[in-house]
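Coordinate analysis (summary)
Single-letter residue listing:
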Amino acid sequence: MKRLFAVALGVLTAIGGFLDIGDIVTNAVVGSRFGWSLAWVVVLGVAGICVFAHMAGKVAAVSGRATFEVIRERLGPRMALANLAASFLINLLTLTAEVGGIALALELASSVHYLLWIPIAAFAVWLVIWRVGFDVMENVTGLVGLLLVGFAVALFLLGPDWGQLGQQALQQVPADESPATYWFYAVALFGAALTPYEVFFFSSGAVEEGWTVKDLAHSRLNVLVGFPLGGLLSLAIAGCAAVVLLPRGIQVSSLSQVLLPVAEAGGRLLLVAVILGVVAATFGAALETTLSAGYTLAQFFGWTWGKFRAPARAARFHVTMMACLVVGLGVLATGVDPVMVTEVSVVFSAAALPLTYLPILIVANDPDYMGRHVNGRWLNAAGQAYFGVILVVSVAAIPLLVATGVGR
Amino acid sequence: MSRRLPTPPIPAGGRLLDARLSLLDRQVLDVDGEPVGVVDDLELSDPQAGVLPDDAVAPVVRHLVHGPVVLDRITGGRHPRAHFERIEWAAVAEIGPALRLAVGSSRVPVGWLEDWLARNVVARIPGGRHVPR
Amino acid sequence: MFLGDLLGRPVLQSGRQVGYLADVRLHVPDRSPGQRLGDPRVYGVVVCPRRTGSFDGYERRGLDAPALLARYFRWRARGSFLVLWEDLAHWGEPAVELRPGASRWSPELPPSGPGRGRSPQPDGGSVD
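Residues numbered from 1 in each chain as written. Chains lettered and ligands numbered in written order. Predicted model: local features only at pLDDT ≥ 70, side-chain atom pairs only at ≥ 80, totals over all residues. Heavy atoms only, no water.

Quick look at the interface of chain B and chain C
Contact residues are listed per partner, giving 58 residues for chain B and 52 residues for chain C. A combined buried area of about 4800 Å² lies between chain B and chain C, and 60% of that area is made up of carbon and sulfur atoms. In this structure, the connection of chain B to chain C is made through four salt bridges. A salt bridge links R62 of chain B to D39 of chain C; the nearest nitrogen and oxygen atoms lie 3.6 Å apart. Our enumeration of links across chain B and chain C arrives at 25 residue pairs in polar contact (both at pLDDT 80 or more). Of the residues contributing to the side of chain B that touches chain C, the split by class is 37 nonpolar, seven polar and 14 charged. Of the strand pairs in this sheet, strand β5 (residues 50–51) of chain B and strand β5 (residues 88–91) of chain C are connected by two bridges, and their pairing is antiparallel. Each residue of the ladder has a partner; that of G50 of chain B, found in β5 of chain C, is W91 of chain C. (Contact = heavy atoms within 4.5 Å. Buried area = accessible area lost by both parts, 1.4 Å probe. Salt bridge = Lys/Arg side-chain N within 4 Å of Asp/Glu carboxyl O. Polar contact = N/O pair within 3.5 Å; in protein donor to acceptor, adjacent residues only side chain to side chain. Nonpolar A, V, L, I, M, F, W, Y, C, P; charged D, E, K, R; others polar. Pairing = 2+ DSSP bridges. Helix = DSSP H or I, 4+ residues; strand = E, 2+ residues; numbered from the N terminus.)

See below:
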């Protein structure tokens with residue numbers, strides 16, 4: 001019974017923790033402009049994160065080595081440092097977006113201006129990292145994040161024409177959008193689903209929680225059940241926007257527009273639940289990105305790290321995280337639009353993805369690390385196919401960003 | 001083109017490994033599994049650097065080196081060699097996905113920054129000495 | 001001498017460049033008195049014709065997975081060879097030099113050592 005509970009808890013937190021501000025905003029923007037015609041990218045991206053996270057979790061559980069340790073070992077110092085610089089900056093961008101997301105959601109809940117919420121949000125993130133244990137942190141944000149199921153409820157309450165949504169999913173570029181913007185948003189959606197910080201966090205979390213080979217089955221279940229269900233929520237967000245906003249020609253540019261369909265379908269109660277879900281999801285992601293900033297740097301240099309230690313036993317790790325929160329705060333204080341930061345961050349994530357993906361794919365095949373748990377034939381087929389996809393996406397990301405002027 | 005080269009003689013006893021593949025850039029853990037650093041470089045004995053006579057004795061690995069030396073490996077520059085933290089090879093107990101030492105981290109030089117930050121920043125903030133729960 | 005000062009340096013033979021120093025092979029003797037592992041001694045050098053040709057030692061470790069990447073990395077490292085310590089004429093900067101008649105051996109690691117995957121690997125033994 002206790003074991004069943006642990007398994008259920010793992011899956012539920014994986015669903016609730018799957019979405020972050022990048023997923024929420026990008027899916028809503030895409031839904032409002034392209035309907036479900038980019039749904040295939042969500043499916044592709046979710047399958048990709050399943051492959052990636054599964055391998056990274058496996059490497060961490062079997063060898064005890066987290067992702068950035070592996071990157072340093074396999075790529076050597078020069079390439080690993082270039083990788084660190086890129087990953088760290090993108091992670092900082094994502095961290096900024098998530099803290100902004102918390103503040104925007106709190107603004108909707110309180111009608112206090114979001115800029116006032118930002119320092120409070122950042123301080124709360126730091127406090128949780130400083131004082132709250134890893135399990136509690138994961139479970140609370142994951143479970144409250146489940147309230148995002150409200151998007152799926154809203155979609156059903158809206159009673160959409162499923163045939164039309166299905167038709168959108170099969171058709172390609174809508175007539176009034178250029179192919180470049182279509183592909184730009186394809187890249188953005190892919191980047192939102194496969195963000196490198198998720199993997200840094202997932203693999204380091206496996207070490208934090210002391211996973212061993214015995215936990216492999218459990219981890220596989222979390223990934224293979226939890227993430228796809230989280231992906232369904234992405235589709236629900238896009239679906240809501242497609243049903244309510246697309247016909248009216250409203251293009252999402254703020255969080256309140258993302259939530260408009262929910263308010264219309266479910267009224268105040270559902271709206272409150274979803275706002276709470278957004279706060280939990282962005283708060284959880286802010287914790288994950290902040291920790292990832294510490295993880296990547298500490299693992300590259302071999303510092304002590306982890307929440308299972310007192311902060312004084314991992315001083316450089318904790319000071320790094322504080323510094324990152326301060327930088328994120330500084331960026332947001334300039335008044336830059338957090339939604340814009342989010343859109344840019346998912347595209348850069350997509351561009352940097354091969355750098356983290358390749359070392360994991362290689363080490364998952366290395367018997368020195370993995371013993372008899374090396375990748376099987378099918379996982380390798382999928383792993384290499386995805387490496388091809390990731391390379392193409394990575395090469396296309398920045399040119400598309402420039403060519404479309406961030407999808408405008 | 002792809003003519004197969006002969007297999008080299010294998011010395012009796014012990015094992016062969018390639019430094020870059022199995023030692024460099026690996027994490028170093030102390031006897032309790034606490035991280036103490038990364039193998040940023042290896043220091044070799046150099047009885048005869050330069051032109052080698054026929055009976056030159058091969059160098060041996062003396063120390064694991066960690067610290068800013070990794071920047072030298074990246075940029076090709078040179079920091080003063082005295083500034084690096086060195087761990088005697090004799091302290092190494094096991095070579096695997098990480099290098100495990102036979103001694104505790106208190107016996108290994110970790111660098112001043114961690115100590116300084118721990119004492120002057122982190123430990124002064126309330127809760128800094130407690131494990132998060 | 002630091003190993004990092006040598007890796008990637010040109011390798012010469014009779015005044016002609018034959019490649020770059022990709023790696024240094026060490027022989028770790030069985031435990032000697034008072035030590036858990038013996039002192040690793042330089043056994044030879046792995047030379048690759050291209051500066052960044054050897055990635056992750058695919059040409060040395062008998063690894064063939066994931067298949068496409070393994071094939072690509074082996075191809076990039078083609079022409080690599082091992083030269084034993086006795087056949088080195090010059091060690092250290094600015095370059096490593098081989099004796100004119102140096103024997104070139106297969107760079108593959110012997111099948112039992114680390115890197116070849118057949119060493120007994122405790123399942124998750126080093127998980128912290």
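A word on the sheet that holds strand β9 (residues 98–101) of chain B
Residue and element names in this part refer to chain B. The four strands lie next to each other as β3-β2-β9-β8, forming an open sheet whose pairing is mixed. Taken across any chain shown, the strands that pair with only one partner, and hence form the sheet edges, are β3 (35–38) and β8 (92–95). Across the sheet, the mean angle from the axis of one strand to that of its neighbour is 25 degrees, orientation sign disregarded. (Axes fitted to C-alpha atoms, helices over the stretch in contact; angles between N-to-C directions.)

Digging into the sheet that holds strand β7 (residues 85–88) of chain B
Residue and element names in this part refer to chain B. Taken together, three strands build an open sheet; the order of strands is β4-β6-β7 and the sheet is antiparallel. The open sheet is flanked by β4 (41–44) and β7, the only strands paired with a single partner. Along the sheet, successive strands turn relative to each other by an average axial angle of 35 degrees, direction set aside. Here strand β6 (residues 61–66) pairs with β7 via four bridges, running antiparallel. Within the sheet, the bridge partner assigned to H63 lies in β7 and is E88.

Examining the packing of aromatic side chains
Evaluation of the coordinates by the stated rule reveals 25 aromatic pairs over all chains. With a centroid separation of 5.3 Å and 80 degrees between ring planes, the pair formed by W85 of chain C and W91 of chain C is classed as edge-to-face. Take W85 of chain C and W91 of chain C: they sit in the same class, and that class is buried. One aromatic cluster in this structure is built from F34, W40, Y182, W183, F184 and Y185 of chain A. The ring centre of F300 of chain A lies 4.8 Å from the NZ or CZ of R72 of chain A, which sits over that ring. A cation sits over an aromatic face here: R104 of chain C above F81 of chain C, 4.1 Å from the ring centre. (Phe/Tyr/Trp six-rings, centres within 6.5 Å; stacked < 30°, edge-to-face > 60°. Buried < 20%, exposed > 50% of the residue type's maximum accessible area, 1.4 Å probe, protein only. Lys NZ or Arg CZ within 6 Å of the ring centre and 35° of its normal.)

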